[in-house]
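# Coordinate analysis (summary)
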Amino acid sequence: MKRRYNIQITISVFTIVFLFSISQQVKAQYNQLSLNDTVSSEYEYILPFLGDKVYEKGVALPLPWGIMVNYFYGVQGIDIPQLEIGFSKRQDDFNYHDITRLVDFEHVKASGVSLNIRPDVWLLPFYNVYGIIGKTWTETDVQLSYPINLHANVKLTGYSYGVGNTIAFGVGPVFAVLDGNLVWTKLEGFKEPVRTFVFSPRIGHIIDLKTKNKRLSNIGVWIGAMRLGMNGITEGSIPLRDVFPDEFWDNKDQKVAEYYEWYDGLDPMDPKKIIAENVFNPIMDNIDKANGDGNIGYKLYKEPKQKWNFLIGAQYQYNPHWQLRAEVGLLADRKSALLSINYRFGIHNRTYLQSIAK
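Read on for a plain summary of the structure. All of these numbers come straight from a predicted model, not from anything done at the bench. (Residues numbered from 1 in each chain as written. Predicted model: local features only at pLDDT ≥ 70, side-chain atom pairs only at ≥ 80, totals over all residues. Heavy atoms only, no water.)

### Some words on the overall build of the protein
Short version of the rule: For the purposes of this entry, the term helix denotes a DSSP run of H or I that reaches at least four residues, the term strand denotes a run of E that reaches at least two, and both are numbered from the N terminus. Burial status follows relative accessibility: with a 1.4 Å probe on protein chains alone, a residue under 20% of its type maximum counts as buried, one over 50% as exposed, and anything between as partly exposed. Pairs of residues are marked as contacts when any of their non-hydrogen atoms sit within 4.5 Å. A 1.4 Å probe and the Shrake-Rupley method give the accessible areas. Residues count as covered only by the protein chains that appear here.
Per the secondary structure count, the protein includes seven helices and 13 strands. Taking all 358 residues of the protein together, the buried fraction comes to 51%. Contacts in the protein between residues far apart in sequence, at least 24 positions, make up 73% of those at least 6 positions apart. For the protein, the accessible area works out to roughly 16,800 Å², and carbon and sulfur atoms hold 58% of it.

### Things to note about the environment of K302
Looking at the secondary structure, you find K302 in strand 10 (residues 295-304). Residue classification places K302 among the buried residues on the basis of a relative accessible area of 1%. Here the alpha-carbon distance between K302 and I233, two residues 69 residues apart in the chain, equals 6.7 Å.

### Looking at helix 5 (residues 252-264)
Put simply, the test is: To estimate how far a helix should extend, the number of its residues minus one is multiplied by 1.5 Å. The arc in question is the one traced by the directions running from the helix axis out to the C-beta atoms.
With 13 residues, helix 5 should cover 18 Å at 1.5 Å per step; its first-to-last C-alpha distance of 18 Å lies within 8% of that length. The complete set of buried residues in helix 5 reads K252, K255, V256, Y259, W262 and Y263. Along the axis of helix 5, the buried residues cluster in a sector spanning 125°; they form a single face. Those residues of helix 5 that are exposed and angled more than 90 degrees off the buried face are D253 and D264.

The values reported here are purely geometric and, on their own, carry no functional implication.
Rendered as structure tokens:
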């Protein structure tokens with residue numbers, strides 16, 4: 001029967017990392033749909049390129065420039081195929097050891113809230129590019145089942161930046177959108193930003209609203225899917241003193257004794273005992289003798305438990321300048337919700353300015 005010891009080193013290191021695997025899902029943004037946004041005898045704006053040719057054929061285009069503010073919440077299950085940690089009195093020179101076989105997780109769930117700004121421009125009638133900058137608040141809930149039964153919850157914040165592009169087209173009453181973006185999130189304790197890639201296809205339909213003031217209002221509805229990918233390795237360090245909660249340090253002698261009771265009970269040929277001797281024994285000795293001075297280094301390979309989820313959303317356009325939209329993501333281990341407000345505008349071309357000046 002597996003014996004349990006009350007050491008929180010593994011869970012605490014993991015928790016700091018898991019928070020951010022979701023933070024990039026938080027950056028998946030919507031594309032500007034091709035809406036009936038202009039009414040004029042000639043195309044008025046500099047962008048998109050070839051916009052005048054498309055407009056001559058009777059195709060209405062959205063205003064080319066936009067600034068969108070997004071609020072996003074998401075929750076994501078995480079798999080940890082590989083984990084290495086090491087201990088050092090300094091903040092470098094870690095002697096890493098793979099402890100993947102030593103720990104079992106009942107679950108690891110990362111959730112996050114993001115507030116970000118997304119400026120964009122239509123360069124071609126069917127092609128949009130955009131940037132992303134924002135702040136993310138993340139939380140990771142971890143349940144460790146072996147070698148200890150332990151629950152932990154950690155909250156962190158970070159800043160993100162990224163780029164993306166969109167291809168949009170319509171066939172009859174149906175529009176289709178393909179969107180992809182790449183986002184980096186920088187968090188304290190991480191050597192490098194966490195990088196994520198999101199790809200999301202959507203199809204939908206625009207319903208024109210007949211209004212008396214002819215403000216070109218409409219409602220768009222769509223369904224789609226989202227795929228999340230992330231860079232595999234996250235590396236960083238954390239002071240040993242910060243790894244454990246206050247109640248651990250209040251009872252550290254008891255915790256050290258419980259650990260060595262578990263360690264001494266392992267078979268000398270058990271691979272877990274060899275790993276524990278190289279990794280946890282120096283840490284527990286430091287806790288016992290030096291009261292937690294030193295640092296824990298970690299290298300973590302992580303991936304979403306579920307890469308795809310289902311999307312359903314809608315947008316209300318009050319007029320060509322203002323739109324509100326909402327979207328929810330569903331399916332098993334990944335759930336999300338997004339609310340956005342978008343302001344669009346255009347820069348007039350010289351021909352149009354000359355025509356109205358006459």
